[in-house]
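One letter stands for each residue in the lines below.
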Amino acid sequence: MVSTTVDDNNDDVLDYRGNLADKTRTGGWLAAGLILGSELSERICVMGISMNLVTYLVGNLHLSSAKSATVVTNFMGTLNLLGLLGGFVADAKFGRYLTVAISSSITALGAILLTLATTIPSMSPPRCDTSRRELCVEANGSQLAMLYAALYTIALGGGGIKSNVSGFGTDQFDSKDPKEEKAMIYFFNRFYFCISIGSLFAVTVLVYIQDNVGRGWGYGISAATMVVAVVVLLSGARFYRYKKPQGSPLTVIWRVIFLAWKNRRISYPSDPSFLNEYYNAKVPHTNKFRCLDKAAIFEDNTTVDTENIRNKPWIVSTVTQVEEVKMVLKLFPIWSTCILFWTIYSQMNTFSVVQATFMNRNIGSFVVPAGSFSVFLFISILSFTSLNERVLVPFARKFTHNIQGITSLQRVGIGLIFSIVSMIAAALIEKHRRETELKRGIKISAFWLVPQFFLVGAGEAFAYVGQLEFFIREAPERMKSMSTGFFMTTLSMGFFVSSLLVSLVDKVTNMRWLRSDLNKGTLDKFYWMLAVLVAMNFIVFVVFAMRHEYKVQSYVGRDVVGKEVELKNKEKIGEEILEP
């Protein structure tokens, strides 16, 4: 196994005027707190919309359950996919601060449009008798146009926030300063805390307001929250520390692949030390994906003076660039097997909420909004996150002698197991619900849904942290924002796969499984299908995980004269996530 590491990149930190930052007046928890406010607001806005949107589409716009689920999953999929674009823009051109500021403004605009789309009477079809749903008039294209415009505007802004706000927050701490490095350890915990608090507020307070006061009020509060977030973020400009963007990482990837293909007929050098900048490489050379090494071969098979090629990157790449591309390629097998977890998660936003509308949601005289049952999802996430760090990780450390306790991929694997069990529970509960109502005319309590929400939440507590840690630690340092965006594409693809599966199931079963009236369909069969798919995916994941070689924290390399030296990796992203 070849040990590798990322470069401890310490670019100059600037203030808002472009001068070297005075670290006594910039950064730290004041700046980080203002940044966390943007993520808190984004989570309130997005979760307040996505967790209860399906009830609006079915109840107010009279779309079918399957079509409504597809609208929600496409919206969430696009939002997370655009995180990759947001990371690219930040790394390549604008930097994290400007990208977050612009994205927050776009999200606020989208929330305002959504408020208008749900309050203007002409944007909704006529009301109908819910007991005779087949006579309801479905919303037409012009009525849906403004809704879609609002949702995808929010998706564009939300993606930019998600992929950059955590990186911009960590920029406010200096990893070379022991005090600031210690403070940075708590940033990820507080970041995740803000996400959870925002989600809980959204699925309780905002969902209640949407169902009982009005959609316009609920979405209006989301819009106002984002406007305040933009004002707060901009007002703190003088307190932030800024890092210049390092150029497009996608350009580096494309260039290495292009040069490797261009030089495919050139023979490998007799020794890897002939590769361009072999001794100056910030990442040690490996033998994996050896075909890419040809991008670092000059046509005469000799080493090239750095000064002569610095302005000619399309002639030859460096070993560092080639190895960074190899790191990215090593992520894809794991990336592909993480997708189905988020397909399971998406059911909590869609069909699980629809299930609640067909069940008894009364607590005395109070009727719990269907979308508010997601609160059990977030309670489970918070509970298992705390359990992991306080019990499981310390216990595992005693046996593994590893500061992580359990590895990032082991966390993902546990999350996948929880997702399988959750779909089995969901299938059994849905069958029991439908049979009880059809045979006995009794609506069972909606609290029967708690197990599936709880199990998916437990799975996310493992899978989310495991995936985030894996993609940040294993990706090249220069792709800090892009790696976060790459992680978010697993969420995106999970939602899109859900949309695809719903469409395929609708077509294959001639709309017999997924019906607007769940009592006339067989939603439990859809859940069983998902359980089988994730079980098969888990087997493939285990194979890929066993073959993956982790990037370790240090390695023995060579300096410019060939002398062996131990190079230390000071990037502790994984430890920051795991340490309480």
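Residues numbered from 1 in each chain as written. Predicted model: local features only at pLDDT ≥ 70, side-chain atom pairs only at ≥ 80, totals over all residues. Heavy atoms only, no water.

Colleague: Help me out: how do you make sense of the overall build of the protein chain in this one?
Modeller: A tally of regular secondary structure across the protein chain gives 18 helices and 4 strands. The buried share of the protein chain, reckoned over its 580 residues, is 57%. Look at the contacts in the protein chain between residues 6 or more apart in sequence, and 82% of them connect residues 24 or more apart. Carbon and sulfur atoms provide 62% of the accessible area of the protein chain, an area that totals close to 24800 Å². (Helix = DSSP H or I, 4+ residues; strand = E, 2+ residues; numbered from the N terminus. Buried < 20%, exposed > 50% of the residue type's maximum accessible area, 1.4 Å probe, protein only. Contact = heavy atoms within 4.5 Å. Areas by Shrake-Rupley, 256 points an atom, 1.4 Å probe, with all protein chains shown as cover.)

Colleague: I'm lost on empty space enclosed by the protein in this one. Help?
Modeller: Over the atoms a probe the size of a water molecule is rolled, and this reveals where empty space is left. Summed over all chains, the structure comprises 3 cavities of 30 Å³ or more. What the largest cavity holds in volume is close to 340 Å³. As for the largest cavity, its lining consists of 27 residues, and the residues nearest its centre are R43, K162, I195, Y464 and L491. Listing elements by their share of the lining of the largest cavity, those giving two or more residues are α1 (28-50), α3 (65-94), α5 (141-170), α7 (187-212), α11 (319-346), α13 (375-400), α15 (450-474) and α16 (480-508). (1 Å grid on protein atoms, 1.4 Å probe; cavity = no way out; pocket = protein on both sides within 12 Å on 5 of 7 lines; lining within 4 Å. Points joined across faces, edges and corners; volume = space filled by probe spheres on them.)

Colleague: Is there a simple way to explain the pattern of salt bridges in this structure?
Modeller: Oppositely charged side chains may form a pair once their charged atoms are brought near each other. In this structure the tally under the stated criterion is 10 salt bridges. Where R215 meets D211, a salt bridge forms, and the shortest distance between an N and an O atom there is 3.4 Å. Classification of D211 by relative accessible area gives partly exposed; the value is 34%. Across the pair D524 and R434 runs a salt bridge whose closest N-O atoms are separated by 2.8 Å. Here the residue D524 occupies a position in helix α17 (residues 523-547), and R434 occupies one in helix α14 (residues 408-440), the gap between them amounting to 90 residues. There is no split in this pair, since D524 and R434 are both buried. (Salt bridge = Lys/Arg side-chain N within 4 Å of Asp/Glu carboxyl O.)

Colleague: Would you mind going over the confidence of the model for the protein chain with me for this structure?
Modeller: The predicted structure's coordinates, where accompanied by low pLDDT, should not be read in detail. Taken over all residues, the pLDDT of the protein chain has a mean of 80, while the share at 70 or more is 84%. By mean pLDDT, the top-scoring element of the protein chain is α17 (93), and the lowest-scoring one is helix α18 (residues 573-578) (35). Between residues 1-10, whose pLDDT stays under 50, and residues either more than four places distant or in other chains, the model counts 37 contacts. (pLDDT = per-residue confidence, 0-100.)

Colleague: When you look at the packing of aromatic side chains in this model, what are you seeing that I'm missing?
Modeller: For any pair of aromatic rings, the description rests on two quantities: the centre-to-centre distance and the angle between the ring planes. Under the criterion given, the structure shown has 24 aromatic pairs. For the pair W342 and Y345, a centre-to-centre distance of 5.4 Å together with 70° between the ring planes defines the contact as edge-to-face. Separated by 3 residues within a single helix, W342 and Y345 lie in helix α11, roughly one turn from each other. Across the pair, Y345 and W342 agree in class, each one buried. Ring centres 6.2 Å apart and planes at 40° place the aromatic pair F471 and F487 in the tilted group. Of this pair, F471 sits in helix α15 while F487 sits in helix α16, and the two are 16 residues apart along the sequence. Residue F487 is classed as buried on the basis of its relative accessible area, which comes to 2%. By the ring-pair criterion, three or more aromatic residues cluster together here, those being F341, W342, Y345, Y464, F470, F471, F487 and F495. R290 extends its terminal NZ or CZ atom over the ring of Y268, reaching a point 3.8 Å from the ring centre. Lying across the ring of Y268, K294 places its NZ or CZ 4.9 Å from the centre. (Phe/Tyr/Trp six-rings, centres within 6.5 Å; stacked < 30°, edge-to-face > 60°. Lys NZ or Arg CZ within 6 Å of the ring centre and 35° of its normal.)

Colleague: Quick question: what am I supposed to make of unusual backbone geometry here?
Modeller: Glycine aside, a negative phi is what most residues show, and trans is what most peptide bonds show. For H62, which is not glycine, the phi torsion reads 65° and is therefore positive. Locating H62 in the fold gives a position in the loop between α2 (53-59) and α3. Its relative accessible area of 10% is what places H62 among the buried residues. Even without being a glycine, M511 presents a positive backbone phi close to 60°. Here M511 shows up in the loop between α16 and α17. Taking relative accessible area as the criterion, M511 reaches 45% and is therefore assigned partly exposed.

Colleague: So what exactly am I meant to see when it comes to the packing of α3 against α5 here?
Modeller: Pairs of packed helices are described in terms of their axes, by the angle between the two and the distance that separates them. Between α3 and α5, the shortest axis-to-axis distance is 6 Å and the interhelical angle comes to 45°. One way to sum up the angle between α3 and α5 is to call them oblique. The crossing of α3 and α5 is right-handed. Within the contact between the two elements, α3 uses V71, N74, F75, T78, L79, N80, L82, G83, L85, G86, G87 and A90 and α5 uses Y148, L151, Y152, I154, A155, L156, G158, G159, G160, K162, S163 and N164. Among the residues forming the contact of α3 with α5, the class breakdown is 12 nonpolar, 11 polar and 1 charged. (Axes fitted to C-alpha atoms, helices over the stretch in contact; angles between N-to-C directions. Parallel < 35°, antiparallel > 145°, perpendicular 65-115°, else oblique. Left-handed = near helix turned anticlockwise from the far one by under 90°. Nonpolar A, V, L, I, M, F, W, Y, C, P; charged D, E, K, R; others polar.)

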